[in-house]
Amino acid sequence: MKREKDKIYVCSNCGYTSAKWFGRCPQCGEWNTAVEVEGAMKKAPSTVEFESSKSSIAVIERLKTNMHEMDRVLGGGLTPGSVVLVAGGPGIGKSTLLLQYASALAEKGSVYYISGEESVSQILTRVKRLKADKGTLFLSSSVEVDSVFSSIKKKPIAMVFDSIQTLHTSGMNALTGSVSQMRECTVKLVEYAKSTNTPIFIIGHITKIGNIAGPMVLEHMVDTVLYLEGEPRSGRRILRSIKNRFGPTDEIAVYEMNSNGMAEIPDPSRIFADMDSEEPGNALSVVVEGSRSLLVNVQTLATFNRRSSPIRIARGIENSRLLMLSALTSNYLGVHLENNDLYLNILGGLKVTDPAVDLAVVAALYSSSKKMHFPIKTVFVGEVGLDGRIRPVPQMKMRVSEAKRMGIKRIITSYYSKEKDTIGVKTVREAITKALAGDE
Ligand SMILES: Nc1ncnc2c1ncn2[C@@H]1O[C@H](COP(=O)(O)OP(=O)(O)OP(=O)(O)O)[C@@H](O)[C@H]1O
Ligand SMILES: [Mg+2]
């Protein structure tokens, strides 16, 4: 008979674990969700072996493919033994992208693609359509983790599981797709990846609002988390690293999705910026995403509104950032945005978190409100404080060189960054005056 201490209880709703049975989960508050799991509490070994950092164990090389953008987002190739979660909304292109990448990897060795979402013949149809048949992929639509591992014949160089919501493991008595089932499967995938040095991709669905109880709970268990985002109606897709133990975060790759699959766009500045617009409401900036700088186009529209509460809608930056920057534009630049509806869009569907875009937002709001435009080929780079002063931002060298490469003539930025070939300003008022002054 199993002893009591060989058992643990897991909440089937949120994955909380406890050595004791519970009627109501102390973490999520749900009743009767405790599921008994046997053999999970293993006795710890009494000794451990330490490896010296000077040890001569060979450092394993990363796998690189001809999908350079994907390699870059992973931190310069795929690290052996790493577990990568690729999350995204329904129909955004997760399976397409991973099938293409699996195929690119398959030119170097055996790659296993396990899909509980589609039948093998459906995957094959997709393989043909995407021309993803250069190397040999081993396809299966099995959904049982342990049997997949025990059926492997040729040592894999990588594996893809599509998706975590369809997997289950016989050791866990919970519904497929439940948090506890996903967690237990992920534990097994991580164990396999680490013990055999096989990189594993896990695809996870998220809803539009990010579904906290979904794959998000797995984020801390995996090495790398990539998000595939984009407007479902447009073909543009952005793959972003949110977490990476083996590379920088916020690294992005840009794709165009068409009937042949995902096409890499190696020079995204060209699609994110309209360099020659002379319409009011436009301003350019250079933002840094991961290890790359990008020219972006901020567009705003300010329209008069007689109603008591004007609308403020931002796409591409946080709405609260638009509220703050519009308030300080009114305060320091003498324009009256209080009675205006304000709309802001970052061209190309990019989501910008870099505060360096602040100054361009202020400039675009000013331009829209005054119905004038700034001289073309001018960029605004700087974080703006509530006092209307411009703060320097890091990585100015990289920003300046990207701006120059794109043919930008004038870079308005913080006086304190003291960067060559820029126009240094201390306040938003000075920034607008110098930008309007044209060539100096
Ligand atoms: N035969 C086809 N020709 C052109 N585009 C196609 C074709 N089949 C599918 N697509 C495109 O691929 C998209 C689906 O991509 P994919 O299946 O990779 O997404 P996903 O994120 O894996 O979706 P899911 O959440 O359903 O698993 C569809 O929205 C469609 O635009
Ligand atoms: Mg899919």
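Criteria and cut-off values
- Each residue is numbered by its place in its chain's sequence as written, counting from 1.
- Chain letters start at A and ligand numbers start at 1, both assigned in the order the entries are written.
- Local features in a predicted model are, by the rule used here, given only for residues with pLDDT of at least 70; side-chain atom pairs are given and counted only at 80 or more, and totals for whole chains, interfaces and linings are based on all residues.
- Hydrogen atoms and water are omitted, and side-chain values are computed over all heavy atoms in the structure.
- Here, nonpolar core means buried Ala, Val, Leu, Ile, Met, Phe, Trp, Tyr and Cys residues that are tied together by side-chain atoms lying within 4.5 Å of each other.
- The rule is simple: take the accessible area with a 1.4 Å probe, protein chains only, and divide by the maximum for that residue type; under 20% is buried, over 50% is exposed, in between is partly exposed.
- To qualify as a helix, a DSSP run of H or I must reach at least 4 residues; to qualify as a strand, a run of E must reach at least 2; elements of each kind are numbered from the N terminus.
- For each domain, the first and last residues come from an automatic or database assignment.
- Throughout, a contact is declared for two residues whenever any of their heavy atoms are within 4.5 Å.
- By convention, the term buried area covers the 1.4 Å-probe accessible surface removed from two parts as they join, with the contributions of both added.
- A carboxyl oxygen of Asp or Glu within 4 Å of a side-chain nitrogen of Lys or Arg is what we treat as a salt bridge.
- For this purpose, a residue is taken to be near a molecule or strand whenever a single non-hydrogen atom of the residue falls within 4 Å of it.
- Counted as a polar contact is a pair of N or O atoms within 3.5 Å, where, for protein atoms, one must be capable of donating a hydrogen and the other of accepting one, and residues adjacent in sequence contribute only when both atoms are in side chains.
- For accessible areas, the Shrake-Rupley method is used with a probe of radius 1.4 Å. Any residue's cover is judged against the shown protein chains and nothing else.
- Paired strands, as defined in this entry, are two strands with at least two bridges between them according to DSSP.
- For helices, the axis comes from a line fit to the C-alpha atoms of the stretch in contact; other axes are also lines fit to C-alpha atoms, and the angle between any two N-to-C directions lies between 0 and 180 degrees.
- Here a patch means residues that are over 30% exposed by relative accessible area and free of salt bridges, tied together within 9 Å if like-charged and within 5 Å if nonpolar (Val, Leu, Ile, Met, Phe, Trp, Tyr).

1. Focus on the nonpolar core
By size, the foremost hydrophobic cluster in this structure holds 45 residues, and its most contacted members are Ile 317, Leu 350 and Phe 380. Residue assignment for this core shows that the elements contributing at least two residues are β11 (252–258), β13 (282–289), β14 (292–304), α7 (319–333), β16 (340–346), α8 (358–370), β21 (423–425) and α10 (428–436). Counting residues per element, this core draws most heavily on α8, which supplies eight residues. The residue makeup of this core includes at least three contributed by each of domain 2 (68–266) and domain 3 (270–436). Apart from residues no more than four positions distant in its own chain, Ile 317 is found in contact with Leu 322, Leu 344, Ile 346, Val 352, Val 357 and Val 361. Core analysis: the next-biggest nonpolar cluster, separate from the first, contains 35 residues, Ile 92, Ala 106, Val 160 and Ala 253 among them.

2. Observations concerning the domain arrangement of the chain
Along its sequence, the chain is carved into domain 1 (4–38), domain 2 (68–266) and domain 3 (270–436). Taken over C-alpha atoms, the centre of domain 2 sits 36 Å from the centre of domain 3. Residue-level contacts link 15 residues of domain 2 with 13 residues of domain 3. Between domain 2 and domain 3, a total of about 1,100 Å² is buried, with carbon and sulfur atoms accounting for 49% of that surface. At the boundary of domain 2 and domain 3, one finds two salt bridges. Where Glu 69 meets Arg 292, a salt bridge forms, and the shortest distance between an N and an O atom there is 3.0 Å.

3. What about the site of ligand 1?
The local shell around ligand 1 holds 13 residues, among which Gly 91, Gly 93, Lys 94, Ser 95 and Thr 96 are the closest. At 3.0 Å, a backbone N or O of Gly 91 approaches an oxygen atom of ligand 1. Interatomic distance of 2.9 Å between a backbone N/O atom of Gly 93 and an oxygen atom of ligand 1. Look at ligand 1: alone it shows 640 Å² of surface, and the protein chains cover 60% of it. Going through the elements one at a time, α2 (94–106) and α3 (120–129) are the ones with two or more residues in the shell around ligand 1.

4. Things to note about the environment of Pro 355
Here Pro 355 shows up in the loop between β16 and α8. For Pro 355, a relative accessible area of 29% puts it in the partly exposed group. Taking the C-alpha atoms as reference, Pro 355 lies 9.6 Å from Val 288; in sequence the two are 67 residues apart. Sequence-distant contacts of Pro 355, defined by excluding residues within four places in its chain, comprise Arg 321, Gly 382 and Glu 383.

5. A short note on the side chain of Glu 118
One can find Glu 118 in the loop between β5 (110–115) and α3. A distance of 2.6 Å separates polar atoms of two side chains, one belonging to Glu 118 and the other to Arg 126. Contacts of Glu 118, omitting those with residues within four sequence positions, involve Ser 95, Ile 123, Arg 126, Ser 141 and Asp 162.

6. Side note on the sheet that holds strand β6 (residues 137–140)
Within the open sheet, the nine strands sit side by side as β6-β5-β7-β8-β4-β9-β10-β11-β12. Their pairing is mixed. Whereas interior strands pair on both sides, the edge strands pair on one side only; in this sheet they are β6 and β12 (261–264). Strand after strand, the sheet turns through a mean of 25 degrees between neighbouring axes, direction not considered. Lying over the sheet, α3 contacts β5 and β6, oriented at roughly 145 degrees with respect to β6. Its contacts with the sheet place helix α5 (residues 179–196) against β4 (83–88), β7 (156–162) and β8 (200–205), and it is angled at close to 160 degrees to β8.

7. Thoughts on a nonpolar patch on the surface
Together, Leu 301, Ile 311, Ile 313 and Tyr 343 line one region of the surface with nonpolar side chains, adding up to about 310 Å² of accessible area. If you trace the backbone, Leu 301 turns up in strand β14.

8. Focus on the side chain of Glu 69
Structurally, Glu 69 is set in helix α1 (residues 68–73). Look at Glu 69 and you get buried, because its relative accessible area is 7%. Contact partners of Glu 69, with chain neighbours within four places excluded, come to Ile 252, Ala 253, Val 254, Tyr 255, Glu 264, Ile 265, Pro 266 and Arg 292.

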